[in-house]
Amino acid sequence: MHTDTNTGTDTGTDTGTGTGTAPGYVHGYSRHEARRLGDQADTLAALLHADTAYPAGSRVLEVGCGVGAQTVHLVASSPGAHIVAADVSAASLARARANVAAHAPDARVEWCHADVFGLPFADASFDHVFVCFVLEHLSAPGRVLAGLRRVLRPGGTITVIEGDHGSAFFHPSSLYAHAAIDRQIQLQSAAGGDALIGRRLQPLLAEAGYADVVVRPRTVYADRTRPALVDGFTRNTFIAMVESVRDDALAADLITRSDWDRGIADLRRTADDGGTFHYTFFKGVAVRS
């Protein structure tokens, strides 16, 4: 384990290379992807974080913090909480630390380089756990949720947020655009993940042994009357995410180049005047009984 605070204090040895059980991140680790994650988090902050705030002094584990896009909003909504942010990628953790330091230099964040399938924490170490856009990339999400239950104290809460690409519909409709989205879903599945996992949150949490499971949809709808969402979500989050798998989709012969280009062009038209776009996230909260 390697943990440190924003001051860079080293308090352990590095075992964050993981066990090899976590699949590759289908969107990649480029600077472009880091910007996309930031755009997504900032655009959806009110929708996803408005009802999440942790008490001062509580210990909160954020699993799969990535580049810190969600950590920034956790810090803003819970300034008195002690947040431990963990990720398997050392490069992402470095970006996360810089990101949080730029937004909230006095934030109490401890950084941990660790694999979600083997978290190096004692039982009941945390009061709360926060998981956002992580389970969709894992081959055994139920196993991860069970592991997180171990490090959560009795009575503590877990909050899980995931999307569901099957909830994407738009105008003008296009079979080519849906085909491009389906190729992203297919590639994520081949990598061991599930881009449709949002609809599974309630049974996943219940089967992992949590109590008082409540899952609710969080819907994004964008048209010309909501330009911030058209730009921040339709263009810079969703379409950018689909575009990021272009080379992999073509290399795997999942779609022809002309069909891909037409699908992306049709997706972009949904962000123009007269276009509309709809997508649903799912937010689940449960308790360790």
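Preceding this section is the structure that the text describes.
Because the structure is predicted, anything quoted here is derived from the model rather than measured. (Residues numbered from 1 in each chain as written. Predicted model: local features only at pLDDT ≥ 70, side-chain atom pairs only at ≥ 80, totals over all residues. Heavy atoms only, no water.)

Colleague: Talk me through the overall build of the protein; I want residue IDs and the actual numbers.
Modeller: Helix and strand counts for the protein stand at ten helices and nine strands. Within the protein, the proportion of its 289 residues that are buried is 52%. Working note: accessible area of the protein is about 12300 Å², and carbon and sulfur atoms make up 53% of it. (Helix = DSSP H or I, 4+ residues; strand = E, 2+ residues; numbered from the N terminus. Buried < 20%, exposed > 50% of the residue type's maximum accessible area, 1.4 Å probe, protein only. Areas by Shrake-Rupley, 256 points an atom, 1.4 Å probe, with all protein chains shown as cover.)

Colleague: Can you break down the nonpolar core residue by residue, with the values?
Modeller: Judged by nonpolar contacts, the single largest core of 50 residues is most densely connected at Phe 238, Val 242, Trp 260 and Leu 267. If near-sequence neighbours (up to four positions away) are discounted, Leu 267 is found in contact with Phe 170, Ala 177, Ile 181, Ile 239, Val 242 and Phe 277. Judged by nonpolar contacts, the second largest core, of 32 residues, contains Cys 112, Phe 126, Ile 158 and Ile 197. (Core = buried A, V, L, I, M, F, W, Y, C linked by side-chain atoms within 4.5 Å. Contact = heavy atoms within 4.5 Å.)

Colleague: Outline the state of the cysteines, supporting the account with residue identities and numerical values.
Modeller: Here the structure, examined in full by the defined rule, presents zero disulfides. Cys 112 carries a free sulfur, and the closest cysteine sulfur to it, the one in Cys 65, is 9.2 Å from it. (Disulfide = S-S within 2.5 Å.)

Colleague: Provide a residue-level description of the side chain of Thr 71, including the pertinent values.
Modeller: With respect to the helices and strands, Thr 71 occurs in helix H3 (residues 71-77). Ignoring any residue separated from it by four or fewer positions in sequence, one finds Thr 71 in contact with Glu 62, Cys 65, Val 100, Val 109 and Trp 111.

Colleague: Would you mind going over the pairing of strand S9 (residues 276-287) in detail, with residue names and values included?
Modeller: S9 sits mainly inside the fold: nine of its twelve residues count as buried. Relative to S9, strand S7 (residues 169-171) runs antiparallel, the two being bridged by three bridges. Across the sheet, the residue bridging to Phe 169 is His 278, located in S9. (Pairing = 2+ DSSP bridges.)

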